Amino acid sequence: MRILVTGGAGFIGSHVTDRYLALGHEVAVLDNLSTGKRENLNPQARFYEVDLTEPDCVRKVVQEFRPHIINHHAAQASVALSVQQPLADAESNISGMINLLEAAREKGVRRVIYSSTGGAIYGATDHLPTPETHPTNPLSPYGCSKLCGEEYLKTWHRLYGLQYVIFRYGNVYGPRQDAHGEAGVVAIFGRLMLEGKQPTIFGRGHKTRDYVYVCDVAEANALALSGPANDTFNLATGSQTTDQQVFDTVAAATGYAGPPIYGPERLGDLQHSCLDITKAREILGWAPQVSFAEGVARTVAYLREQAEEQHPEAISDPP
Ligand SMILES: NC(=O)c1ccc[n+]([C@@H]2O[C@H](COP(=O)([O-])OP(=O)(O)OC[C@H]3O[C@@H](n4cnc5c(N)ncnc54)[C@H](O)[C@@H]3O)[C@@H](O)[C@H]2O)c1
């Protein structure tokens, strides 16, 4: 199959690209390298350095590569940035989606697989783990634009018969996640601890998230290439991990012995987020395979390798 992966130079999209190539598919990546990195690009994939907000360029890529399937991971993915610049967020996540859908319709693409989000879409709720049927209450322009993308995709299905699979991710973590960003706590804590710096937990460590390892997410994207379509699935683990547990697990993997700094809570942070994955289990036959401790160990091993390449003298030995 020919598959166009948007955002394939980014964290999750690059793992999805790797998985598709390993399965023997022909893959092209569309990415503007705004947060994506050239070193994440799989050399076996054709690369188009294109911005989704440019309709003619997007159309040209789809016309030239003729994908059967588009896997859409490109997005403005920062909640903070979406609050500061809601229009720029909407341009990437809504106008970009429309440009992609129009190109898909014109060139007869069969299916679009779309990476959406759980926590940012469901908002604050006591209904944990949260099922796909829960009302959507986005708390940020980012959550709103990702939800809007879902609705455009469903509308193109109703209008033109374009198939879709929507994935609402929990907190995805793993190698290649930006360790200098605002989100991605496993990567951030891991980098700081390897540098011997003290990480900050915002609050007392009781907030919870549902962490899913990136290769498990890539596997679901592989299952979505064929089989059931026109449906929405949570992808997570269905279990909650506290900030304190994240700190302790990353500390064990890095050998960091100090305590965290407990800082003030951040305005707008959800207290708890956890997704019900029954539907993905039953309909897709998908289940996460990598435990949190194992995923953290793999992520730390990657961060250690990266750090050793850059600053061989600054890294402590594994525990
Ligand atoms: N990381 C998570 O935990 C998580 C959770 C829920 C949903 N998601 C979704 O998964 C997707 C990938 O997220 P990620 O964490 O890998 O982020 P990322 O920033 O690493 O990847 C996004 C990629 O999209 C590219 N991009 C951004 N705007 C673009 C544009 N206008 N045109 C072309 N390329 C553009 C970036 O260069 C980058 O390579 C996003 O759609 C995000 O909303 C991520």
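Quick note: structure is the one above.
About the thresholds
- Residues numbered from 1 in each chain as written.
- Predicted model: local features only at pLDDT ≥ 70, side-chain atom pairs only at ≥ 80, totals over all residues.
- Heavy atoms only, no water.
- Buried < 20%, exposed > 50% of the residue type's maximum accessible area, 1.4 Å probe, protein only.
- Helix = DSSP H or I, 4+ residues; strand = E, 2+ residues; numbered from the N terminus.
- Pairing = 2+ DSSP bridges.
- Phe/Tyr/Trp six-rings, centres within 6.5 Å; stacked < 30°, edge-to-face > 60°.
- Lys NZ or Arg CZ within 6 Å of the ring centre and 35° of its normal.

**Q** So, the pairing of strand β11 (residues 231-235): which residues are in play, and what are the values?
**A** Of all five residues in β11, four are buried; the element is thus mostly enclosed. Here five bridges tie strand β6 (residues 163-169) to β11, and the two strands are oriented parallel to one another. What sits directly across from arginine 168, in β11, is asparagine 234.

**Q** Now, about the packing of aromatic side chains: what can you tell me, with residues and values included?
**A** Within this structure, the stated rule accounts for ten aromatic pairs. A centroid spacing of 6.2 Å and a plane angle of 80 degrees characterise the contact between tyrosine 173 and tyrosine 211, whose relative ring orientation is edge-to-face. Highlighted residues: tyrosine 173 in strand β7 (residues 171-173) and tyrosine 211 in strand β10 (residues 211-213), separated in sequence by 38 residues. On the basis of relative accessibility, which here comes to 8%, the residue tyrosine 211 falls in the buried class. Note on tyrosine 173 and phenylalanine 292: the rings are 5.4 Å apart at their centroids and 65 degrees apart in plane angle, and the pair reads as edge-to-face. With tyrosine 173 in strand β7 and phenylalanine 292 in helix α11 (residues 292-310), this pair connects stretches of sequence that are 119 residues apart. Considered together, tyrosine 173 and phenylalanine 292 belong to a single accessibility category, that of buried residues. Pairwise contacts between aromatic rings join Tyr173, Tyr211, Tyr213 and Phe292 into one cluster. It is arginine 105 that lies over the ring of tyrosine 160; its NZ or CZ is 5.0 Å from the centre. The lysine or arginine in question, lysine 279, covers the ring of phenylalanine 233, its NZ or CZ lying 5.4 Å from the ring centre.

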